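Structural overview
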Amino acid sequence: MNFAVLQFPASNCDQDAVHAIRSLGHSARYIWHKENSLGDTDAVIVPGGFSYGDYLRCGAIARFSPVMQAVKQFADNDGLVIGICNGFQVLTEAGLLPGALVLNRDLQFHCEHIYLKTATTESPFTNKIPAGKILRIPIAHGEGCYFADEETLARLKVNNQILWQYCDANGNLTDTANPNGSLQNIAGICNEHRNVAGLMPHPERASEEILGSADGRLIFESIFAALADKLAAKAA
Amino acid sequence: MKAKIIVTPKKAVVDPQGKTVQNALEHMGYQGVTGVHVGKYIEIDLAPGTDQAAAERVLNDAAHKFLSNPIIEDYRLEIE
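Keep in mind the model is a prediction, meaning the values are calculated, not measured. (Residues numbered from 1 in each chain as written. Chains lettered and ligands numbered in written order. Predicted model: local features only at pLDDT ≥ 70, side-chain atom pairs only at ≥ 80, totals over all residues.)

Some points on the interface of chain B and chain A
- Counting from both sides, the interface comprises ten residues of chain B and, opposite them, 13 residues of chain A.
- In terms of residues, the side of chain B that touches chain A owes the most to one element, helix α1 (residues 16-27) of chain B, which gives three residues.
- Of the residues in the side of chain B that touches chain A, the class split is seven nonpolar, three polar and no charged. (Contact = placed C-beta atoms within 7 Å. Helix = DSSP H or I, 4+ residues; strand = E, 2+ residues; numbered from the N terminus. Nonpolar A, V, L, I, M, F, W, Y, C, P; charged D, E, K, R; others polar.)

Points about the nonpolar core
- By size, the foremost hydrophobic cluster in this structure holds 77 residues, and its most contacted members are V5(A), V44(A), V81(A), I84(A), L116(A), L163(A) and I223(A).
- Counting seven residues, the second largest nonpolar core, distinct from the first, contains A3(B), I5(B), L67(B) and L77(B). (Core = buried A, V, L, I, M, F, W, Y, C linked by C-beta atoms within 7 Å. Buried ≥ 20, exposed ≤ 12 C-beta atoms within 10 Å, placed from the backbone.)

Some remarks on the environment of E93(A)
- Its place among the elements puts E93(A) in helix α3 (residues 86-93).
- Residue E93(A) is classed as buried on the basis of its 24 C-beta neighbours within 10 Å.
- Separated by 41 residues in the primary sequence, E93(A) and Y52(A) place their C-alpha atoms 14 Å from one another.
- With near-sequence residues (within four places) excluded, E93(A) lies in contact with R57(A), G59(A), A60(A), R63(A) and N69(B).

Focus on the sheet that holds strand β2 (residues 40-45) of chain B
All names here are of chain B.
- Pairing is antiparallel across the open sheet formed by three strands, whose spatial order is β2-β1-β3. The open sheet is flanked by β2 and β3 (73-79), the only strands paired with a single partner. Each strand of the sheet is rotated relative to its neighbour by a mean of 20°, with strand direction disregarded.
- In this structure, strand β1 (residues 2-9) lies alongside β2, joined through six bridges in antiparallel fashion. Bridged to K2 within β2 is D45. (Pairing = 2+ DSSP bridges. Axes fitted to C-alpha atoms, helices over the stretch in contact; angles between N-to-C directions.)

Description of the environment of Y166(A)
Residues and elements named next belong to chain A.
- Relative to the elements of secondary structure, Y166 occurs in strand β9 (residues 162-167).
- On the basis of neighbour count, Y166 is assigned to the buried category, with 27 C-beta atoms found within 10 Å.
- A sequence separation of 141 residues divides Y166 from G25, and the C-alpha atoms of the two residues are 29 Å apart.

Laid out in structure tokens, this is it:
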């Protein structure tokens, strides 16, 4: 499968994303933010970093980069898109995902491993995560507090759009386990169509045991499986 | 001609900066502070002779689409 990893000025997790995909046996290439086309792409990763210095608001400027038009079209045509950290911020600013990410409630930048509970395995991003498995994945962000108004939150719940929530080692959604104050401990969500997802934690930094956890692989493996299913469905 | 845009966090959004500044003011001894909200101030210089009404329309559009995020922020625009 071919993964396109976007690069905005000051994206800095693009190389880790490319490395993770390649180490898991698939192709990945960089797409500079000024490109108008994604080329032959099966899935897009919007990587982490501080695009445009987080100026004005995180992701507020990157969302207007030329490549985002192509990403929007790709998403409108059912393409799979996953935004990681700053990528999640870019996708919410672009309106491809609901809600917004604001300053962590304690005003601290949190760089630590956290635990994630997978709220649903019914998505191309979670289908290979064993039921009940708690994922241990690192976060590194100062503005990762997920916010959405009551109506949007209700809709996310009804539509099963919450994919991952911060939890403790035993899977409990406690306040202490919430590193940034996100409403309902939301760490990651998908859109209504379930082809675009965003999460603040970094699965690309947890795809090899040597990094302390390989739980992030399960998210990428879910995407690989979903893409394989798509291909098989097309061939049929 | 100058456009002045003040962007503030919506009341529904937790404003830890505001709260922190409020605590600091209290610790410093300033009495009677019942709330603090920290936002952004943006100044845009416009070419002389710009039509003010047109500028207001365009800048409201820019403020709504880009300079502020309507999900979490409110804005006020003034042109002088």
